[in-house]
Amino acid sequence: MTDPRLHFKTPLRQTPFHSRVAEANVLNKWAAWGGYTTALELSDGEMEYSAIRNSASLYDLCPMVKYRISGADAGAYLNRLTIRNAAILAVGSVHYTAWCDDEGKLLDDGTLFRWADTEYMLCCQERHLPWLLDTAAGFDVAVAEITEEIAALSLQGPCSASVLNAAGFDVKALKPFRMARFAFDGGELTVSRTGFTGDLGYELWIAPDHAVSLWDKLMEAGAPWGIRPIGTHALDTARIEAGFIVANADFIPAHQALREDRVRSPFEMALDWMIDWDKGHFNGRRALVAERNGSTSKWALVGLDIDSNVSTEGSIIYHDKKREVGHITAATWSPATKRNIAIAQLLRPYHDQKSDNLWVEVYALRELQYAKLMLRAKVTPRPFFNPARRRATPPGNY
Amino acid sequence: MPSFDAIVIGGGTNGLACATRLAQAGQRVLVIEGRDKLGGSTAETDPWPGYRSPCLSHLLTHLDPRVETQMKLADHGLSFVDRNIPSTALALDGNHLVLTGAAGDTISGLISDADRTAWQGLRKRLMGFAGALAPFRAMTPPRLAKESGNQYLKLAQLGLGLRRLGRDEFREFLRLALINIADVLEDDLADDRLRGLVAFDTVLGAWMGPRSPNSLFLYLNRLSGEISGKRGATALPRSGMGSVATAMIQSAKTAGVELKSGAMVERIIVENDRATGVALASGEEISATTVISAINPKTTFLDLVGPRHIDTGFANRTRNIRSRGGAAKLHLALKGTPDFRGANLRSRLVIAPSIRSVEDAFNAVKYGEVPTRPVMEIILPSAFEAGHAPDGHHVLSAIVQFAPHEPKDGKESARNAMLENTLSVLEDHAPGIRALIEHSDFLMPYDIEDRYGMAGGNWHHGELAVEQMLFLRPFPAVAQYSTPIAGLWLAGAGNHPGGGVSGAPGWNAAERILSRGRS
């Protein structure tokens, strides 16, 4: 074992797939994510995005934070922690969920996997162990961070089912948000039909010592479909098209916010549809009841369709070109829909009744000179891109 | 299922005060007490044949005037041997210092004229500050949040009262409010006995030493109390502390309160996010429109309500209420009259020879250790009146500080060591007293926790310290007696102006419940 005092020599960890990602990363574009070295773009960003939408893509998901929650009260515990009803989640199923502090402000969102009657896995962007442990007091439940115990890969794209089948994993009957298990390499592979691209896709969970052989297997089996490792930039384009939000990009977790007006409730991030008001008490419920009954939500999360093709990332939104009414948290030119799209936070009621006269102020850098643009923005439904193949079971034979 | 307008959990002084106030307003009220005897820490026991002994508290300093008059405690049998029993600062050489009158109005004994004058000045000043703060005791602490139901008129009066001290005194108040008592005593006084006595009185029942930051505020809190309109009182109820409990029980009964003792509440029933009643350990369930907990706030939320009905942050805040007990309780049955080197036994005997002695005794408990020379306050109820012990015998009650609430060498061994050190100090001051001991009973903070449900064995159901007083008691979200759970209220000593035996938090809570009901 290395001397723990030498930790500063390796400020970022390498994921179990690092050797393979490094090999593919000819552009050498790396970034830190959750304490790991991860790739932003490997060889060609456009082609990587194209793999997500047209063939199959492989993305190293290891830095996602994972917690195992087990024990007789696991369901009751998660019902107290999260806003959705975890107790009715079927074994072998997954759901998207979120959790709040006492004031009903978002701490994070994530996916919850029910492995067994009394065992779940919570997968999210940020770390929450103290909060999860504090919440466990009084429950017969054990909470452990298992981020390093599980290597995760995301296989996304219309051909992803075909690639899995070719690799020997029959996922034809696997429905969205369901899990299946397969023997692999002397270990066990869990495949869930989940993803962050809004396309047909799967996430694969395996012990780290089988990680590299899984990667190799999929790359080999996927070759006829043009499978391609991808970086975070390509995934980000796809997730915006799918209308997904990311903690610390589209909202600040309440425990990290320094400015008291930065925190957001589920209503304000369009996550209120998940709240189960009838399951009993959960963290933040009283504050959320007050927000619902008093209609006191200040913000709304919307999708925007913006004139021109200039990316509007981080721009301020005006009503009638005068009054500041919001800002854009994620934006991209959408290759799939050929639209200039964005995810934005708008002060109410500029998200609906007063949404007819919205403008985005963009400073576009054109050969070392910024051009100030006022671009027309229209509120538009999310997801921006929502193909039927995402939900089809059995999946299309592409 | 029987049903009431209000159920009060806990039949201590605050529970009884709250219940009586509600019943006087026409509500049907039930008080449920887990122990066999009502009265909480003021109840008495008959531990040994022929002897009566106070359970925990043995003197009264803070009886709320509203409780005293509106519960007609005098009519229900409460009277006092003395509303201002003298305090004797015991000296090993017999050169005691005796303070008589409210908060040591006059000093007798050998002491320099300079100290005599300085004490008068200091006492007057501190009494002035305490008097300005006293009205705050009878109101719900304010909050900054919108629609908090603040009593702005009363707050304005309070502010005016402080301003009325005059510019110079107000400036002194601001200088002293958060200072430690040791610095002030060392600035103003030279006499070790006097310094030791005041230092001891300041930290009595607290988990801090005289040099701990903000300790002076506790002395102001002590002086802000009153008995029958007399500020700075140290009163001994006639026929013992138990008569406070008895009078309050009688008053509650007269007001129509139903009393149920020997019934442990196991759970507060919460339905649709509203407290609707209680479930007893016996399995019985009783419903009520309002449930009021006059027991420890930690126990209330973490055990009776349970984490499933409260938010994680709120549970953390509750768990973090600081509640370390530093006081042990000694009861002795003596088969003769002890001699504290000539000290008047009809006084409060304090062994705290210097600031240093109090601070040293506190230092030990910081590390979970037993102090070698504990400091203490001694009362011999049997010296004041007959009926506490057989003729010629005495019963001695002492609050001994500081005792570790989490001893590092184990509870049994700490109890034995603490008792031995206590008796050894006693023997030094009253030679021969050990030979007189017929029976003894010694409660460490953890014994007090077990017996009286005080978290950490802290007498005040949460440490008295500036950061846990007033609108911070026990913490801001529940400082106004209401809780996040509709229909559930707090009324115990864990809330403002709690600590001690006063009935004030209970009375304040009842007033708040009634006014909120009207609004």
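What counts, and where the lines are drawn
Residues numbered from 1 in each chain as written. Chains lettered and ligands numbered in written order. Predicted model: local features only at pLDDT ≥ 70, side-chain atom pairs only at ≥ 80, totals over all residues. Heavy atoms only, no water. Pairing = 2+ DSSP bridges. Helix = DSSP H or I, 4+ residues; strand = E, 2+ residues; numbered from the N terminus. Axes fitted to C-alpha atoms, helices over the stretch in contact; angles between N-to-C directions. Domains from an automatic or database assignment. Expected span 1.5 Å × (residues − 1). Buried < 20%, exposed > 50% of the residue type's maximum accessible area, 1.4 Å probe, protein only. Arc of directions from axis to C-beta. Salt bridge = Lys/Arg side-chain N within 4 Å of Asp/Glu carboxyl O. Contact = heavy atoms within 4.5 Å. Polar contact = N/O pair within 3.5 Å; in protein donor to acceptor, adjacent residues only side chain to side chain. Phe/Tyr/Trp six-rings, centres within 6.5 Å; stacked < 30°, edge-to-face > 60°.

Enquirer: What am I meant to see in the sheet that holds strand β19 (residues 369–380) of chain A here?
Expert: By definition, the strands of a sheet pair up through backbone hydrogen bonds, in either a parallel or an antiparallel sense. Residues and elements named next belong to chain A. What the six strands build is a closed barrel, ordered β14-β17-β16-β15-β18-β19; its pairing is antiparallel. Strand-to-strand twist of the sheet, defined as the mean angle between neighbouring strand axes without regard to direction, takes the value 40 degrees. Two elements, strand β15 (residues 316–319) and strand β18 (residues 358–366), share four bridges in a ladder whose sense is antiparallel. Counterpart to Ile-317 in the pairing with β18 is Val-360.

Enquirer: Hey, could you run me through the domain arrangement of chain A in this one?
Expert: By convention, interface size is frequently given as the accessible area that disappears when the constituent parts associate. If you check the domain split of chain A, you get domain 1 (10–64 + 149–230) and domain 2 (272–380). Using C-alpha coordinates to define each centre, domain 1 of chain A is positioned 31 Å away from domain 2 of chain A.

Enquirer: It is not clear to me how helix α6 (residues 211–222) of chain A should be interpreted in this structure. Could you clarify?
Expert: Each α-helix turn comprises 3.6 residues. Residues three or four places apart therefore point the same way. All names here are of chain A. With 12 residues, α6 should cover 16 Å at 1.5 Å per step; its first-to-last C-alpha distance of 16 Å lies within 8% of that length. Of all the residues in α6, the buried ones are Ala-211, Leu-214, Trp-215, Leu-218, Ala-221 and Gly-222. For α6, the arc enclosing every buried residue in end-on projection is 145 degrees, short of the 170-degree limit, so these residues lie on one face.

Enquirer: Explain the pattern of salt bridges here, please?
Expert: Opposite charge on two side chains makes pairing possible when the charged atoms of those side chains draw close. This model, assessed by the stated rule, comprises 46 salt bridges over all chains. Ionic pairing is found between A:Lys172 and A:Asp170, a salt bridge with its closest N-O pair at 3.7 Å. A relative accessible area of 48% means that A:Asp170 is categorised as partly exposed. The salt bridge partner of B:Asp168 is B:Arg167, with a shortest N-O separation of 3.5 Å. A single salt-bridge network, built from bridges that share partners, covers A:Arg53, A:Asp199, A:Glu241 and A:Arg389.

Enquirer: Even after reading the chapter, I still don't get helix α2 (residues 45–54) of chain A, so can you show me in this structure?
Expert: Residues and elements named next belong to chain A. Taken as a whole, α2 has its buried residues at Gly-45, Glu-48, Tyr-49, Ala-51, Ile-52 and Arg-53. Of the surrounding elements, those touching the buried residues of α2 are β2 (36–41), β3 (57–60), β9 (151–156), β13 (228–229) and α7 (232–242). Structurally, the start of α2 carries an N-cap: the backbone nitrogen of Glu-46 is 3.0 Å from a side-chain oxygen of Asp-44.

Enquirer: It is not clear to me how the sheet that holds strand β19 (residues 394–401) of chain B should be interpreted in this structure. Could you clarify?
Expert: Residue and element names in this part refer to chain B. Pairing within the open sheet is mixed, and its eight strands lie in the order β8-β7-β6-β17-β18-β19-β16-β20. Bordering the open sheet on either side are β8 (106–108) and β20 (437–443), each of which pairs with just one other strand. Strand-to-strand twist of the sheet, defined as the mean angle between neighbouring strand axes without regard to direction, takes the value 20 degrees. Summarising the sheet, strand β7 (residues 97–100) and β8 pair through three bridges and their orientation is antiparallel. Bridging from a neighbouring strand, Val-98 pairs with Ser-108 of β8.

Enquirer: I tried to follow the pairing of strand β12 (residues 201–206) of chain A on my own but got confused; where do I start?
Expert: Put simply, side chains in a regular strand alternate between the two faces of the sheet. All names here are of chain A. By the criterion of burial, β12 is predominantly enclosed, with six of the six residues buried. Here β12 shows no split at all, with Gly-201, Glu-203 and Trp-205 on one side and Tyr-202, Leu-204 and Ile-206 on the other all buried. Pairing of β9 with β12 involves six bridges; the strand directions are antiparallel. Residue Leu-153 lies in a different strand from β12, and its bridge partner there is Leu-204.

Enquirer: Would you mind going over the side chain of B:Arg193 with me for this structure?
Expert: Residue and element names in this part refer to chain B. Here Arg-193 is to be found in helix α7 (residues 192–203). Arg-193 sits in the buried class, given a relative accessible area of 13%. Within polar-contact distance, the side chain of Arg-193 engages the backbone oxygen of Leu-110 at 2.5 Å. For Arg-193, the side chain forms a polar contact with the side chain of Asp-191, separated by 2.8 Å. Apart from the residues lying within four places of it in its own chain, the contact partners of Arg-193 are Ala-89, Ala-91, Asn-95, His-96, Leu-97, Leu-110, Ile-111, Ala-352 and Pro-353.

Enquirer: In this structure, what is going on with the packing of aromatic side chains? I would like to understand it.
Expert: By convention here, two paired aromatic rings are described through the distance between centres and the angle between planes. All names here are of chain A. This structure, assessed with the given rule, holds 16 aromatic pairs over all chains. Ring geometry for Phe-169 versus Phe-182: centroids 5.4 Å apart, planes at 55 degrees, classification tilted. Taken together, the positions of Phe-169 in the loop between α5 (160–166) and β10 (179–184) and Phe-182 in strand β10 put the pair 13 residues apart, joining distant regions of the chain. Taking relative accessible area as the criterion, Phe-182 reaches 16% and is therefore assigned buried. For the pair Phe-169 and Phe-184, a centre-to-centre distance of 5.8 Å together with 70 degrees between the ring planes defines the contact as edge-to-face.

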